[in-house]
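Residues per chain are reported as follows:
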Amino acid sequence: MADLEVTEPVENEQQFWHALNGILSTPCPTPESLDDVLRSWLELVAIGRDRYLDDEDDVATCSQQLRVSSIFSQNADYVRTQIIYSLLQEDEYGPLHVISNFLLLDGRAEEETFRRMVNEGCFLRLLELIKGCGNHDGRLHRLLLELMYEMSRIEKLPHQDLAQVDDEFVMYLFQLIEAFSDDVDDPYHYAVIRVLLVLNEQYMVASASGAVDPTAPVTHITNRVVKVLSLHGPSFRTFGENIILLLNRATETSLQLIILKLLYLLFTTKATYEYFYTNDLRVLLDVIIRNLLDLPVEMNTLRHTYLRVLAPLLSHTQLSQPPHYKRDQILSLLEILRGSGSVHFLPPEPTTLRLVERVANTPWLLDDESMLSPVSVGSLSQAQSGSTVSVIANVHEKPGIETPSRKSNLARELRHEEQDTEGTTGSIIAIPASDTPETAASNVLASKSIEGQKTTGRRKPSPPPARRLRAQKSLPIVPKHRHGVPVSPQPPPTPTRMTKGTTSEQSDGNGVAVASSSSPTAASAAEAVSGDGKVSGLVAKKQPPKLPPPRRGKLRAVNSLSTLHPVTESLSQTGSTPAA
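Residues numbered from 1 in each chain as written. Predicted model: local features only at pLDDT ≥ 70, side-chain atom pairs only at ≥ 80, totals over all residues. Heavy atoms only, no water.

Per an unreviewed UniProt entry, the protein chain carries the name SPIN90/Ldb17 leucine-rich domain-containing protein and comes from Sordaria brevicollis.

Regarding the overall build of the protein chain
Put simply, the test is: Going along the chain from the N terminus, every DSSP run of H or I of four or more residues is numbered as a helix, and every run of E of two or more is numbered as a strand. Exposure categories follow from relative accessible area, calculated using a 1.4 Å probe and restricted to protein chains: below 20% of the type maximum is buried, above 50% is exposed, and the middle band is partly exposed. Whether two residues are in contact is decided by their heavy atoms, any of which lying within 4.5 Å being enough. To measure how exposed things are, a 1.4 Å probe is used in the Shrake-Rupley method; for residues, cover is taken only from the protein chains shown.
Looking only at helices and strands, the protein chain features 24 helices and 6 strands. Across the 580 residues that make up the protein chain, the buried fraction comes to 37%. Look at the contacts in the protein chain between residues 6 or more apart in sequence, and 71% of them connect residues 24 or more apart. Surface accessibility of the protein chain: about 35300 Å² in total, with carbon and sulfur atoms responsible for 54%.

Examining the packing of aromatic side chains
Heads up, the condition is: The criterion for an aromatic pair is that two Phe, Tyr or Trp rings (for Trp, the six-membered ring) have centres within 6.5 Å, with stacked assigned to planes under 30 degrees apart, edge-to-face to planes over 60 apart and tilted to the rest. The rule for a charge over a ring is simple: NZ of Lys or CZ of Arg within 6 Å of the ring centre, and within 35 degrees of the ring normal.
Overall, the coordinates contain 8 aromatic pairs when judged by the stated rule. Between Phe-72 and Phe-102, the aromatic rings sit 6.0 Å apart at their centres with planes inclined by 75 degrees, giving edge-to-face as the arrangement. With a gap of 30 residues between them, Phe-72 in helix 4 (residues 70-74) and Phe-102 in helix 6 (residues 93-109) connect regions that are remote in the sequence. A relative accessible area of 5% places Phe-72 in the buried class. Through pairs of rings, three or more aromatic residues link up here, namely Phe-16, Trp-17 and Tyr-52. Geometry around Tyr-277 places Arg-237 over its ring, the cationic atom sitting 4.7 Å from the centre.

Notes on the packing of helix 5 (residues 76-89) against helix 6
To keep it simple, the criterion reads: Lines are fitted to the C-alpha atoms to define the axes, a helix being fitted only along its stretch in contact, and any angle between axes, read from their N-to-C directions, falls within 0 to 180 degrees. Small angles under 35 degrees read as roughly parallel and large ones over 145 as roughly antiparallel, with 65 to 115 read as roughly perpendicular and the rest as oblique. In a left-handed crossing the near helix is turned counterclockwise from the far helix by less than a right angle, and in a right-handed crossing that turn is clockwise. Lys, Arg, Asp and Glu make up the charged group, whereas Ala, Val, Leu, Ile, Met, Phe, Trp, Tyr, Cys and Pro make up the nonpolar group; the residues left over, Gly among them, are polar.
Two elements in contact, helix 5 and helix 6, have axes separated by 10 Å at closest approach and are oriented at 135 degrees. One way to sum up the angle between helix 5 and helix 6 is to call them oblique. Where helix 5 crosses over helix 6, the handedness of that crossing is left-handed. From helix 5, Val-79, Arg-80, Ile-83, Ile-84, Ser-86 and Leu-87 reach across to helix 6, where they touch Leu-96, Ile-99, Ser-100, Phe-102, Leu-103 and Asp-106. When the residues that make up the contact of helix 5 with helix 6 are grouped by side-chain class, the tally is 8 nonpolar, 2 polar and 2 charged.

Details of the pattern of salt bridges
Selection criterion: Note on definitions: salt bridges are taken to be side-chain nitrogens of Lys or Arg within 4 Å of carboxyl oxygens of Asp or Glu.
Inspection of every chain in the model, using the stated rule, returns 22 salt bridges. Put simply, Glu-56 and Arg-139 hold a salt bridge, and the shortest N to O gap is 3.7 Å. Here Arg-139 lies in helix 9 (residues 138-152) and Glu-56 lies in helix 3 (residues 56-67), a separation of 83 residues in the sequence. On the accessibility criterion, Glu-56 (24% relative accessible area) is partly exposed. Asp-106 is the salt-bridge partner of Arg-80, the closest N and O atoms lying 2.6 Å from each other. Of the two residues, Arg-80 sits in helix 5 while Asp-106 sits in helix 6, which places them 26 residues apart along the sequence. Judged by relative accessible area, Arg-80 falls into the buried class, the value being 11%. Salt bridges sharing common partners tie together Arg-67, Asp-77, Arg-80 and Asp-106.

Have a look at this one:
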């Protein structure tokens, strides 16, 4: 497939898609004709990749058209073999991009493609291409990283292939993360992080192969990822921040597992105890608590891995120093995982209880440190530590499986119950009105028998009782208002007729003369006369306003004058009245 040749010239995007459909619809009766068609497809898509296919989804569309064509459906194994061999032999970046895109798309649909790539030695080829094209073709570089990640997490790499990964390559990946740490549109960030995570998993699996299979030859291989972080950890802290963020957002079980595997090694390796910042460790603790509470009962493997990481996190990192972060929440979590007070649920597994007690033996979680068990997390022997690493290393999950959530499951169950209740309420049979009691009784028996047949095998919930209607209470009468002031009816005054000689003047306490009446109605009413002299009615007499009391100073002056010049003449002799 080195000599590429396109029969029809392509001048625009419409002609490109027309030519692609024509190539994939060509009949291939012989292997030579099939090779010609694959060669033409590869050349055309490589040319279109630089001219018309700016988006990676467009290149994937070309790969998908090949997968759904009759050429691939009739010769799938032959097409895969030819494209894998092209990856091992091709040097041009354009065709390499098309080949990598097809293998990535086909491998995600059929995992056997990735296994064949591992067996054919494609890991070393990808290792070489990633080192060489990083500064020349960014699109191809990212695609190669994704292809290495997907291929390496499906199949265990041979020891000789994994040994070709040196410190320079691992440091190169860490430097890529640091170089683009401030770039929001970084195309390499998570692709590079995933490659480092899967390389660490491959190192753990290779080191634990002797513990799993005693007949396997003992091979010692250095974990390059942990080695670089142990020696140059402060220079690559962006990687630690990103894996915590990735764990917080991850919903795929396999991705969570490979992150937890690396975290366990970092928290059990003395040189990397303090690799993370303290605030990042607190965020990680919050994520672990939330995920442990949200995991369903059947997710024991993931729950055990979280607990295995939680124990050294609390014992070996900065979280072991005061002030202790979320001690009460951790203790509450452990009580929930123990099943304390949960009489309606099955007891937890023995492995879960053992791991919970391992976390509970953290010194700063105990009220009395004398209660610490003889074997704590910080005093694991080398054999115990090695067995734990082998257990974690051999925990796997099929890629693409989402981690179920307890909250989502509960919401789904409530939704199903509501639908069942609505269906049961709608299936109630209405009995038609009948003229005779015998017909009504037969209808009742028929409806009961039908309902009994429907509810056989599963008991439907009974419909809610009929709602009782209560008599509405009358509202209180609102009084009428005038200008915002409530008006209350007043009884009309009793009119009286004034007579002569019935009024007299009396003096109040201040010496003011006021009118008084001998009769009770004399001061309350008077006769009203109209203009023509006729009596129009009786109206109440308006009282004059009272005079204000005199000032104290004037009273003193009057009293002093009366004492200095006493009045000797009587009122009867002078016939005048003294001034007040």
